[in-house]
Amino acid sequence: SAEARAPLPVAPGRCSLSLPAGLPYASGLMSRAPPTLLLVEDDSDLRDALVEILLAEGHTVAATENGDEALAWLEAHPCPALLLVDMWTPRKDSWRLLDTLRREPRFADLPVMAISSGEERHPAIREVLAKPFDREALLAGVRRFVHPLH
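Residues numbered from 1 in each chain as written. Predicted model: local features only at pLDDT ≥ 70, side-chain atom pairs only at ≥ 80, totals over all residues. Heavy atoms only, no water.

Caption draft 1: Structural view of the nonpolar core. In this structure, Leu74, Leu83, Val85, Leu97, Leu98 and Leu101 are the most contacted members of the largest nonpolar core, which totals 18 residues. Breaking this core down by element, the ones donating at least two residues are strand 2 (36-40), helix 3 (67-76), strand 4 (82-86), helix 4 (93-103) and strand 5 (112-116). Leucine 101 has contacts with Leu74, Leu83, Phe107, Leu110 and Val112, leaving out every residue within four places of it along the chain. By size, the runner-up hydrophobic cluster in this structure holds 17 residues, among which are Leu39, Val51, Ala63 and Leu138. (Core = buried A, V, L, I, M, F, W, Y, C linked by side-chain atoms within 4.5 Å. Buried < 20%, exposed > 50% of the residue type's maximum accessible area, 1.4 Å probe, protein only. Helix = DSSP H or I, 4+ residues; strand = E, 2+ residues; numbered from the N terminus. Contact = heavy atoms within 4.5 Å.)

Listed below in structure tokens is the structure:
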């Protein structure tokens with residue numbers, strides 16, 4: 001869908017970054033929105049499936065199609081709790097994204113989980129989620145960095 005390709009949160013109403021001041025997230029019981037995960041995945045079917053799995057676990061997810069869109073998203077929003085990045089997008093711009101994150105001090109603490117069929121090496125990568133992977137491997141990896149609020 002076009003919405004999934006835009007450098008904006010995929011699920012309308014779930015974005016923790018654009019709530020009006022003073023309004024609670026979801027129910028009045030939560031004092032803050034769940035952490036935002038930024039996903040970079042060029043395959044729209046896989047991107048949609050990953051977003052669905054992560055939303056079901058209680059995460060807020062922003063999804064982009066490539067590294068350039070992810071960088072634009074990062075420039076416009078507060079830092080996410082975790083960056084999940086497919087390393088082999090057609091333009092290979094995931095590498096450029098990681099180089100930029102490595103140079104920028106404000107991204108020094110941003111954990112990066114690479115999604116790849118190989119053992120990628122880059123100083124910004126904290127963990128590699130090897131393709132093919134199942135739902136539990138994805139969620140176990142995410143949980144090492146982020147805990148959903150439900």
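Caption draft 2: Representation of the environment of proline 90 in the model. Position of proline 90 among the secondary structure elements: in the loop between strand 4 and helix 4. A C-alpha to C-alpha distance of 7.6 Å links proline 90 and aspartate 42, two positions 48 residues apart in sequence.

Caption draft 3: How the structure looks around the packing of aromatic side chains. Counted under the stated rule, the structure contains one aromatic pair. With a centroid separation of 6.0 Å and an interplanar angle of 65°, the aromatic rings of tryptophan 88 and tryptophan 95 are classed as edge-to-face. Given the relative accessible area of 40%, tryptophan 88 is considered partly exposed. Judged by its relative accessible area of 22%, tryptophan 95 falls in the partly exposed class. (Phe/Tyr/Trp six-rings, centres within 6.5 Å; stacked < 30°, edge-to-face > 60°.)

Caption draft 4: Local environment of the packing of helix 2 (residues 44-56) against helix 5 (residues 135-143). Running from N to C, helix 2 and helix 5 cross one another at 60°; their axes reach a closest spacing of 11 Å. With respect to helix 5, the axis of helix 2 lies oblique. Considering only the axes of helix 2 and helix 5, their crossing is right-handed. Between helix 2 and helix 5, the contacting residues are Leu50, Ile53 and Leu54 on the first element and Arg135, Leu138, Leu139 and Val142 on the second. Its residues assigned to classes, the contact of helix 2 with helix 5 comprises six nonpolar, no polar and one charged. (Axes fitted to C-alpha atoms, helices over the stretch in contact; angles between N-to-C directions. Parallel < 35°, antiparallel > 145°, perpendicular 65-115°, else oblique. Left-handed = near helix turned anticlockwise from the far one by under 90°. Nonpolar A, V, L, I, M, F, W, Y, C, P; charged D, E, K, R; others polar.)

Caption draft 5: Quick look at the packing of helix 3 against helix 4. Running from N to C, helix 3 and helix 4 cross one another at 30°; their axes reach a closest spacing of 7 Å. Taken as axis vectors, helix 3 and helix 4 run roughly parallel relative to one another. Residues Gly67, Asp68, Ala70, Leu71 and Leu74 of helix 3 form the contact with helix 4, whose own contacting residues are Asp93, Arg96, Leu97, Thr100 and Leu101. A breakdown of the residues in the contact of helix 3 with helix 4 according to their chemical character gives five nonpolar, two polar and three charged.

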